[in-house]
Amino acid sequence: MSQHRHPGAPDRPGAVPALPDLPEATVARLPEYLRALHNLAETGHETVSSEGLASAAGVNSAKLRKDLSHLGSYGTRGVGYDVALLIDQIEYVLGLTHRRSVALVGVGNLGHALAGYDGFATRGFRIAALFDADPSRVGEEINGLVVRHVDELPGVAAEESIAIGVIATPAAAAQRVADQLVAAGVTSILNFAPCVLSVPDGVDVRKVDLAIELQILSFHEHRKASLTALPATGGSTLTALPGGLAVTDPQEAIGT
């Protein structure tokens, strides 16, 4: 987390006076901009052009400028963006001006790895409590924290002011854990279980499914292989699809 002053401080040029209502796509890109800006700051850069920041974040510069305009940040012609100020603005909008306490439920292989990840602390998050329902896991110490039984969640959530819950359980247990988190007052959940959670209005859920990401990459591999196999003559060929369907254009067969 940055040590810069709060961007809403009086008389601070470019301060964000109120939390803007941002498009979801913009919110999803702000952490990428923030990571790039931290890297720039750590290497001694005080300013950065929109093209330079867009390249570092992996987006096009027009999209970046539009995203940052929502924050009231337009940069200076011929100079670019003030790196420290932009870090302030984005951290404020993302609510990273103070550390948020996180509860992790499920300390199997994935949960164990998440519990030991040091990167959360450097970006404003503190893993405050670990939980599991397996008695053989309860009492285990991971990265300085003792695993508690999930039944202790309500009391610990109140004591530690838990803001975010992370679910790293098998799919069959995830909904029950989500219900327990919501009952304990947690209103933001990061779900690593391969399932869709049902939560009340006012509870935000982000899903991370590594298998789905691999399947998407598999589609792109399939597409590239199919395009490479196109006949050089330019003649049309029939491509069979499951279910007995056929298309003339191989690109159509793979969804392009």
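Residues numbered from 1 in each chain as written. Predicted model: local features only at pLDDT ≥ 70, side-chain atom pairs only at ≥ 80, totals over all residues. Heavy atoms only, no water.

Examining the sheet that holds strand E8 (residues 188-191)
Pairing within the open sheet is mixed, and its seven strands lie in the order E5-E6-E4-E3-E7-E8-E9. The open sheet is flanked by strand E5 (141-142) and strand E9 (204-207), the only strands paired with a single partner. Relative to strand E4 (residues 125-132), strand E3 (residues 100-105) runs parallel, the two sharing six bridges. Paired with arginine 100 across the bridge in E4 is phenylalanine 125. (Pairing = 2+ DSSP bridges. Helix = DSSP H or I, 4+ residues; strand = E, 2+ residues; numbered from the N terminus.)

Side note on the UniProt feature "DNA-binding region" (unreviewed entry) in the protein
UniProt marks residues 32-71 with the feature "DNA-binding region" (unreviewed entry), using the numbering shown here. The distance separating the terminal C-alpha atoms of residues 32-71 is 15 Å; by composition the span is 70% helix and 5% strand. (UniProt positions renumbered as here; feature names shortened; annotations may be inferred.)

Thoughts on helix H2 (residues 50-57)
Turning to H2, its buried residues number three or more, namely Ser50, Leu53, Ala54 and Ala57. The arc enclosing the buried residues of H2, seen along the axis, measures out at 100°, which places them on a common side. Two residues or fewer after H2 comes glycine 58, characterised by a positive phi angle close to 80°. (Buried < 20%, exposed > 50% of the residue type's maximum accessible area, 1.4 Å probe, protein only. Arc of directions from axis to C-beta.)

Concerning the pattern of salt bridges
If you walk through the whole model with that rule in mind, you get seven salt bridges. Salt-bridge contacts for arginine 35 lead to glutamate 32; the nearest nitrogen and oxygen are separated by 2.5 Å. Residue arginine 35 and its partner glutamate 32 are located together in helix H1 (residues 24-42), separated by three residues, close to a single helical turn. By relative accessible area, which is 46% here, arginine 35 ends up partly exposed. Under the relative-accessibility criterion, glutamate 32 is labelled partly exposed at 33%. Between arginine 137 and glutamate 140 there is a salt bridge, with its nearest N and O atoms 3.5 Å apart. Relative accessible area serves as the criterion here: at 24%, arginine 137 is assigned to the partly exposed category. With relative accessibility at 24%, the residue glutamate 140 sits in the partly exposed group. (Salt bridge = Lys/Arg side-chain N within 4 Å of Asp/Glu carboxyl O.)

Some words on helix H8 (residues 210-228)
Between its first and last C-alpha, H8 extends 27 Å over 19 residues, near the 27 Å set by a 1.5 Å rise per residue. For H8, the capping residue at the N-terminal end is aspartate 209, with a side-chain oxygen 3.0 Å from the backbone nitrogen of alanine 211. (Expected span 1.5 Å × (residues − 1). Polar contact = N/O pair within 3.5 Å; in protein donor to acceptor, adjacent residues only side chain to side chain.)

Focus on the packing of aromatic side chains
Within this structure, the stated rule accounts for one aromatic pair. Residues tyrosine 117 and phenylalanine 120 carry aromatic rings whose centres are separated by 4.9 Å and whose planes lie at 90° to one another, so their mutual orientation is edge-to-face. Phenylalanine 120 sits in the partly exposed class, given a relative accessible area of 27%. (Phe/Tyr/Trp six-rings, centres within 6.5 Å; stacked < 30°, edge-to-face > 60°.)

Let's talk about the environment of aspartate 132
Looking at the element boundaries, aspartate 132 is found in strand E4. With 45 residues separating them along the chain, aspartate 132 and valine 177 place their C-alpha atoms 9.8 Å apart. Discounting chain neighbours no more than four positions away, the residues touching aspartate 132 are Gly106, Val107, Gly108, Arg137, Val138, Val147, Arg148, His149 and Val150. Within the local environment of aspartate 132, its side chain forms a polar contact with the backbone nitrogen of aspartate 134, the two atoms lying 2.8 Å apart. (Contact = heavy atoms within 4.5 Å.)

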